[in-house]
Amino acid sequence: MGTPAIEIEGLTKDYAVGFWRKRMRRSLDNLTLQVEEGEAFGFLGPNGAGKTTTLKLLMSLVFPSAGTARVRGRSIDDVRMHREIGYLPEQPYFYDYLTARELLDYYARFFGYPLAERRQRVTRFLERVGLADAGDVQLRKFSKGMLQRVGIAQAIVHDPQVIFLDEPMSGLDPVGRREVRDIILDLKRQGRTVFFSTHILSDAEMLCDRVAVLLGGKLQGVGAPGEIVSMEVYGMEVFFEMRPGSSPPTALAGSATKIGERYRVEVPEVQLYPVLEQLRNCQARILSVAPLRPTLEDYFLKLVARDKAAPHPAGEGAR
Amino acid sequence: MSVIPAVVAINTFREAVRDRVLYNLIFFALMMIGASILVGEISIGISRLVIINLGLSAISIFGLVMAIFIGVGLVSKEIEKRTLYTLLSKPVRRWEFLVGKFGGLLLTLTVNTILMTLGLAAALYYVSRNFLRADASVLVAVYFILLELALVTALALFFSCFSSPMLSTLFTLGVYVSGIFSKDIRDIGMLTRNPAMQAAAQVLYYVLPNFHNFNTITAAAHGESIPLSLIWQNTAYAALYVMLVLIAASAVFSGRDLK
Ligand SMILES: Nc1ncnc2c1ncn2[C@@H]1O[C@H](COP(=O)(O)OP(=O)(O)OP(=O)(O)O)[C@@H](O)[C@H]1O
Ligand SMILES: [Mg+2]
């Protein structure tokens, strides 16, 4: 393997806050991280964790208080690095006097494509994000989800090797989210590196080779989604339906919850067969049986709860 | 030299056009038409003087208002709407963005000024049915107005790199007005016998743009010819001043966190 796609070393950002800008707030604390070429990498953390700050640092929109980073071996200070990357900001907004087509054409100009190629690219990528019919509409008439799609198109219109997406699924309906997932998988299939932030853990679990979890500006863990949370099964979930007029076996009366016409019960793995036996005896219809594993979400919630309980080390402090 | 500033400039021009900035020309046209009809009653010599004076003053004021009010928003608007985030993720350096923004507004102002000058020429022809050789001075006066607008635009852009649009407007207006009187500021400073005051006045004289030499409206109205040396001098002065201001703006803006 060659150089990693993204190398972040001790990246730290203190924002000056308060009227006199004397106090410092640490938004990112000594982040060190490597992302390999071709990886889909999820950057997770609750609101205010420092995800956007990290991406803005990598884009040189804000400058680090300490630390460095390289993308494909080039320092982030080097403007040539920007030829090889694409970036979707959080809640993107674009020149609303342009049409989607004009906007993509404008951005493509910075890469020096000749006119014919620009046209062809713009059309192709408008189609790619499902905006083929909206290409000639001014962006001021776009909905939030449409803007998000334009944002994704501009991040990939020049075929960058490394793509940074800040909450790519936000503002999209289920169809849109599915489409963005497909785009990310496509990029991955083409060997690109995709680094994206999200709070939607199921997306991260579905797409990412590895994830990093950030909390209060500090890195909490990096690894494959299955590594970060133990994949051990802690129980079984059973859905069943009773025949009209009958009620669930008394042994399950306390633990089963009724959802519409169906019942759901969680049982330890060793008790699965006895429970199924009981259900069979009263002629219940088994709808599904599934193992329960801790999800990234559980891990995440546990982390946040632990962080709330402990006194906060990151947060504010004088320099 | 990279083409990136040109790409940014063209988009800035397109924005101005789509935001209907050039609609100010309608007011200018109405004003010139009204004036031409009114002065029709007086002698040709006087009506020429009035039309040229009025036309050039309007060209200058319309241009100044545009340069200041659009100039202070060039950068802040892109930061506020976060359009700059995506732009700077492309291979665009911050100074290239600034130079492009400057160029775009200057292009807008130039097109606007040329169209107004055509209107002035039409009015002049309407009242006197001919052009005189001395009317070349009008073109020189227009050129000087453009140089002045370039300077003001650069200043507005510079201030907006570190202060709010509101403050930048005040700063730019302040510098513009003191730039008109910079010679007087020095002269008054010299009159006080205090060496510190004299030095301060001298420094101000050199730091403030000197707009005194750019105003040839009266000379043009009276058909006086403008010396070639002044044209060279003003051109060189404006080019140098604009360059220095843009370099200062880039230095400030390149190190700034975009929030
Ligand atoms: N310009 C700024 N000035 C001062 N503090 C800031 C600034 N930008 C961000 N912060 C602080 O830095 C911390 C991290 O913010 P950041 O936007 O990176 O979080 P995030 O992980 O992207 O959150 P979200 O999921 O809500 O987008 C927050 O505490 C925020 O208040
Ligand atoms: Mg964020």
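Nothing here was measured: the structure is a model prediction, and the numbers come from that model.

## Considerations on the site of ligand 1
Neighbouring ligand 1 are 16 residues, the closest being A:Ser27, A:Lys51, A:Thr52, A:Thr53 and A:Glu90. The environment of ligand 1 is shared, with nearby residues belonging to chains A and B. With respect to ligand 1, the side chain of A:Ser27 contributes an N or O atom lying 2.6 Å from an oxygen atom. One of the backbone N or O atoms of A:Ala49 is found 3.1 Å from an oxygen atom in ligand 1. Protein contact buries 74% of the 640 Å² of open area that ligand 1 shows by itself. Every element with two or more residues in the shell around ligand 1 is listed here: β1 (6-17), β2 (23-35) and α1 (51-58) of chain A. No other element matches α1(A), which puts 3 residues into the shell around ligand 1. Residue composition of the shell around ligand 1, grouped by class: 4 nonpolar, 7 polar and 5 charged.

## Quick word on the pattern of salt bridges
Residue and element names in this part refer to chain A. Tallying each qualifying case throughout the model produces 35 salt bridges over all chains. One salt bridge in this structure joins Asp203 and Arg181, with 2.9 Å as the shortest N-O distance. Here Asp203, found in helix α6 (residues 201-207), pairs with Arg181, found in helix α5 (residues 174-189); they are 22 residues apart in sequence, far enough to count as distant. Since its relative accessible area comes to 1%, Asp203 is described here as buried. Across the pair Arg285 and Glu241 runs a salt bridge, and its minimum N-O distance is 3.4 Å.

## Some thoughts on the sheet that holds strand β13 (residues 262-267) of chain A
Where strands meet in a sheet, backbone hydrogen bonds hold them as pairs that are either parallel or antiparallel. Residue and element names in this part refer to chain A. In spatial order, the strands read β12-β13-β11-β14; together these 4 strands make up an open sheet with antiparallel pairing. Strands with a single pairing partner mark the edges of an open sheet, and in this sheet they are β12 (257-259) and β14 (285-292). The sheet shows a mean angle of 25 degrees between the axes of neighbouring strands, direction not considered. Examined bridge by bridge, strand β11 (residues 235-241) and β14 share 7 bridges and lie antiparallel to one another.

## Quick look at the environment of A:Leu98
Residue placement: A:Leu98 occurs in the loop between β6 (85-88) and α2 (100-109). For the pair A:Leu98 and A:Arg140, spaced 42 residues apart in sequence, the C-alpha separation works out to 8.1 Å. Excluding its chain neighbours within four sequence positions, the residues that come into contact with A:Leu98 are A:Leu103, A:Val137, A:Gln138, A:Leu139, B:Asn11, B:Arg14 and B:Arg18.

## Here we look at the interface of chain B and chain A
Across the boundary between the two partners, chain B contributes 27 residues, which contact 34 residues of chain A. Together chain B and chain A conceal approximately 2,800 Å² of surface at their shared face, both sides included; 57% is due to carbon and sulfur atoms. By the criterion of area lost to chain A, the three top residues of chain B are B:Arg18, B:Lys90 and B:Pro91, representing 21% of everything that side buries. Among the ionic pairs, A:Glu102 bridges to B:Arg18, the shortest N-O distance being 2.8 Å. Counting residues per element, the ones that place at least two in the side of chain B that touches chain A are α1 (4-18) and α5 (83-89) of chain B.

## So, the packing of α2(A) against α1(B)
The contact between α2(A) and α1(B) brings their axes to 10 Å, and the two run at 155 degrees. Our classification of the angle between α2(A) and α1(B) gives roughly antiparallel. Handedness of the α2(A)/α1(B) crossing: left-handed. Residues A:Glu102, A:Tyr106 and A:Arg109 of α2(A) pack against B:Val7, B:Val8, B:Asn11, B:Arg14 and B:Arg18 of α1(B). Taken together, the residues of the contact of α2(A) with α1(B) break down into 3 nonpolar, 1 polar and 4 charged.

Quick notes on the rules
- Residues numbered from 1 in each chain as written.
- Chains lettered and ligands numbered in written order.
- Predicted model: local features only at pLDDT ≥ 70, side-chain atom pairs only at ≥ 80, totals over all residues.
- Heavy atoms only, no water.
- Near = heavy atom within 4 Å.
- Polar contact = N/O pair within 3.5 Å; in protein donor to acceptor, adjacent residues only side chain to side chain.
- Areas by Shrake-Rupley, 256 points an atom, 1.4 Å probe, with all protein chains shown as cover.
- Helix = DSSP H or I, 4+ residues; strand = E, 2+ residues; numbered from the N terminus.
- Nonpolar A, V, L, I, M, F, W, Y, C, P; charged D, E, K, R; others polar.
- Salt bridge = Lys/Arg side-chain N within 4 Å of Asp/Glu carboxyl O.
- Buried < 20%, exposed > 50% of the residue type's maximum accessible area, 1.4 Å probe, protein only.
- Pairing = 2+ DSSP bridges.
- Axes fitted to C-alpha atoms, helices over the stretch in contact; angles between N-to-C directions.
- Contact = heavy atoms within 4.5 Å.
- Buried area = accessible area lost by both parts, 1.4 Å probe.
- Parallel < 35°, antiparallel > 145°, perpendicular 65-115°, else oblique.
- Left-handed = near helix turned anticlockwise from the far one by under 90°.

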